[in-house]
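# Structural characterization, general
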Amino acid sequence: MPSYRTLNSQLIVADYARAYPQIVRGEGVYLYDAQGRRYLDASGCTAAVTHIGHGDEAVAQALAEQAKTLAVHPTHLFHSPVVEAYFERLCAFAPEGFSRAWTISGGTEAVENSLKLAYQYQRAKGRQQRTRFVGRWDSYHGNSVTALDVGGMVGRRSFYTALMPHQHLHLRACNPYRRSEGQSLQDYEDELVTEFADLVESHPDEIAAFVAEPFVGSALGAVGPTEGYFARIAEIFRAHDILMIADEVMTGFGRTGKNFGCEHFGTHADVLACAKGISGGYLPLGAMLVRDEVAAVLRDSGDPFFSGQTYACIPLAAAVGLAVLDRIEGDHLVQRAGEVGGYLKEKLSSLLDHPHVGDVRGEGLFLGVEFVADKESREPLDASWHFSKKVEAAALQHGLVTLGARGTVEHIRGDHMLFAPPLTLTYDHADELVAALRLSIDDALRVCTS
Ligand code: PLP
């Protein structure tokens, strides 16, 4: 039995009725609890964080060395070589045309700063009234009030709607599995693109930027768009000089088998908001990468970027980021995510013989499974079952860390799981993951139907 300790805990926890096992160590793709029980980290912690695995010596050393040398410096007076070196590497890793970087402490801040930058870009062009952002339902962009507002993950934002100015605009996300019955992919895409065109037409000169996850992570479970979706939307936005922000917090740094998720669809973005895999979890780190033409507008305006935080662009973050990039590039982890991810997807697809596994999707090591009551109608499972959470709990008993979620249907129904293990996953680990998951799905079903 795992060791549990909730008494005397000072933590504000997600679930006060639950006893949480104590996790004490990580090594490679595995986590170990206080009793020495081993868990395969199939979600990449919560989630898509542990790109290079746990316990990496080189990254730990880089962190310690930089902490000894210079952790932070007065950024209003100095630049530092390690930060300059890191930003050069970051821009080289980004798609062509990205020439400016800015680091902060995580994904929410990366998105928030990207939104601010887009607003400042529009102001610099004399468009004071462009104060609105377009987001999509069933998408997550972080947990600040603005990020929740622009995002569309109903389960997370609904408690805070009273705090939101309600000026931002939302459209449906592109979720091919959930298109209308009998509708072709082309017709579905046409319908969504028309919605975007109509929205832009009906709000002339009000929109500063559009933000989207190339593959929707926790909200939908690694759902990618139809083939021409992003390119066609980009055309509409470009025609109106509305900036495109790709939320690459989960999909960046090789997760999907390309350096950035948006590269699967042609490089459509002006700003990339990054976090998670950028530091592999070794330090809270996020970044904003900016296309040259956008940065030039700010530079030519003569104004500084109207933002700034204590931990923006600090040497400690740069040293860790550099060491993680060394691992990603040195060990060819992007390519590996594509190869092992392809194998894992094939293995997960073998679960489609299960009566309640309706869909397997995603790219690279960013994969999702959706459960249904009926495969023909795609009717979701009884919400009172909390099926994906039951699978998550059963998986833990089988030594597998997973992330179960819901919301693929009407924002709140529909169970799915997101898989985003370290990019160091091997083919054997993939086999282990799928075998344990199959047992977990059966266990969960027994609990729900008994
Ligand atoms: N954007 C996406 C797509 C995310 O998945 C997340 C977090 O899960 C965020 C933004 C927010 O990142 P953070 O939790 O680091 O603030």
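Since the structure is predicted, the reported quantities are computational estimates derived from the model, not experimental observations.

### Digging into the site of the ligand
If you check the shell around the ligand, you find Gly-106, Gly-107, Thr-108, Tyr-140, His-141, Gly-142, Glu-213, Asp-247, Val-249, Met-250 and Lys-276 and nothing else. At 2.8 Å from an oxygen atom of the ligand is found a main-chain nitrogen or oxygen belonging to Gly-107. Backbone polar atom of Tyr-140 to a nitrogen atom of the ligand: 3.4 Å apart, as the coordinates give it. Here the ligand, which alone exposes 390 Å², has 81% of that area covered by the protein.

### Re the domain arrangement of the protein
Segmentation of the protein into domains returns domain 1 (23–52 + 332–449) and domain 2 (58–330). Using only C-alpha atoms to locate each centre, domain 1 and domain 2 end up separated by 26 Å. Domain 1 puts 40 residues into the contact, and the matching count from domain 2 is 41 residues. Between domain 1 and domain 2, roughly 3100 Å² of surface is buried when both sides are summed, and carbon and sulfur atoms account for 58% of that area. Three residues stand out in domain 1 for area buried against domain 2, namely Ile-52, Phe-366 and Arg-378, and they jointly supply 25% of the buried area on that side. For the pair domain 1 and domain 2, the number of links is 1 salt bridge. Arg-178 is the salt-bridge partner of Glu-370, the closest N and O atoms lying 2.6 Å from each other.

### Points about helix H7 (residues 185–202)
Look at H7: 26 Å from first C-alpha to last across 18 residues, which is about the 26 Å you get at 1.5 Å a residue. Taken residue by residue, H7 has Tyr-188, Glu-189, Leu-192, Val-193, Phe-196, Leu-199 and Val-200 as its buried positions. Down the axis, H7 shows its buried residues gathered within 125° of arc, on one side only. In the core, the buried residues of H7 are packed alongside strand E5 (132–136), strand E6 (169–171), strand E7 (207–212) and helix H8 (229–239).

### Overview of the pattern of salt bridges
On inspection of all chains with the given rule, the structure shows 28 salt bridges. In this structure, Asp-270 and Arg-238 form a salt bridge, with 3.2 Å as the shortest nitrogen-oxygen distance. Separated by 32 residues along the polypeptide, Asp-270 in the loop between strand E8 (243–247) and strand E9 (271–274) and Arg-238 in helix H8 bring together distant segments of the chain. For Asp-270, a relative accessible area of 6% corresponds to the buried category. Overall, the relative accessible area of 40% leaves Arg-238 in the partly exposed class. Overlapping salt bridges, with partners in common, bring together Arg-178, Asp-359, Arg-361 and Glu-370 in one network.

### A few points about the environment of Ala-444
Within the secondary structure, Ala-444 sits in helix H13 (residues 427–449). Ignoring sequence-local partners within four residues, the contact set of Ala-444 consists of Phe-387, Lys-390, Val-391 and Ala-394.

### Details of the pairing of strand E14 (residues 403–409)
Most of E14 is tucked away: 6 of the 7 residues are buried. Remark: 3 residues form the turn of the hairpin made by E14 and strand E15 (residues 413–419), two consecutive strands paired antiparallel; Glu-410 in that turn has positive phi of roughly 50°.

### Some thoughts on the nonpolar core
Leu-272 and Leu-348 are the most contacted members of the largest nonpolar core, which has 99 residues in total. With 10 residues, the single largest contributor to this core is helix H10 (residues 315–330). Here this core gathers at least three residues from each of two domains, domain 1 (23–52 + 332–449) and domain 2 (58–330). Beyond its immediate sequence surroundings of up to four residues, Leu-272 is in contact with Ala-94, Pro-95, Phe-98, Ala-246, Glu-248, Phe-260, Cys-262, Ala-287, Met-288 and Leu-289.

### Re the sheet that holds strand E12 (residues 366–371)
Taken together, 4 strands build an open sheet; the order of strands is E11-E12-E15-E14 and the sheet is antiparallel. Because the sheet does not close on itself, it has two edges, and the strands there are strand E11 (357–363) and E14. Across this sheet, the average inter-strand angle for adjacent strands is 30°, counted without regard to direction. Here 5 bridges tie E14 to E15, and the two strands are oriented antiparallel to one another. Looking at E15, one finds that Val-409 is bridged to Arg-413.

### Points about a nonpolar patch on the surface
Residues Val-145, Phe-159, Tyr-160 and Leu-163 make up a contiguous nonpolar surface patch of about 420 Å² in total accessible area. By the secondary structure assignment, Leu-163 is in the loop between helix H6 (154–157) and E6. On the basis of relative accessible area, Leu-163 is assigned to the exposed category, the value being 56%.

### Comments concerning the packing of H7 against H8
In contact at an axis separation of 10 Å, H7 and H8 are set at 20° when each is read in the N-to-C sense. Of the possible angle classes, the one that applies to H7 and H8 is roughly parallel. Crossing angle aside, the handedness with which H7 passes H8 is right-handed. Taking contact as the criterion, the partners of Gln-186, Glu-189, Asp-190, Leu-192, Val-193, Phe-196, Ala-197 and Val-200 in H7 are, on H8, Tyr-229, Arg-232, Ile-233, Ile-236 and Phe-237. The residue inventory of the contact of H7 with H8, partitioned by class, reads 9 nonpolar, 1 polar and 3 charged.

### Some words on helix H11 (residues 333–349)
Over its 17 residues, H11 runs 23 Å from end to end, which matches the ideal 24 Å to within 8%, given 1.5 Å per residue. Looking at the buried side of H11, the elements it contacts are helix H3 (81–93), H10, E11, E12, E15 and H13.

What counts, and where the lines are drawn
Residues numbered from 1 in each chain as written. Predicted model: local features only at pLDDT ≥ 70, side-chain atom pairs only at ≥ 80, totals over all residues. Heavy atoms only, no water. Near = heavy atom within 4 Å. Polar contact = N/O pair within 3.5 Å; in protein donor to acceptor, adjacent residues only side chain to side chain. Areas by Shrake-Rupley, 256 points an atom, 1.4 Å probe, with all protein chains shown as cover. Domains from an automatic or database assignment. Contact = heavy atoms within 4.5 Å. Buried area = accessible area lost by both parts, 1.4 Å probe. Salt bridge = Lys/Arg side-chain N within 4 Å of Asp/Glu carboxyl O. Helix = DSSP H or I, 4+ residues; strand = E, 2+ residues; numbered from the N terminus. Expected span 1.5 Å × (residues − 1). Buried < 20%, exposed > 50% of the residue type's maximum accessible area, 1.4 Å probe, protein only. Arc of directions from axis to C-beta. Pairing = 2+ DSSP bridges. Core = buried A, V, L, I, M, F, W, Y, C linked by side-chain atoms within 4.5 Å. Axes fitted to C-alpha atoms, helices over the stretch in contact; angles between N-to-C directions. Patch = residues over 30% accessible without salt bridge, like charges linked within 9 Å, V, L, I, M, F, W, Y side chains within 5 Å. Parallel < 35°, antiparallel > 145°, perpendicular 65-115°, else oblique. Left-handed = near helix turned anticlockwise from the far one by under 90°. Nonpolar A, V, L, I, M, F, W, Y, C, P; charged D, E, K, R; others polar.

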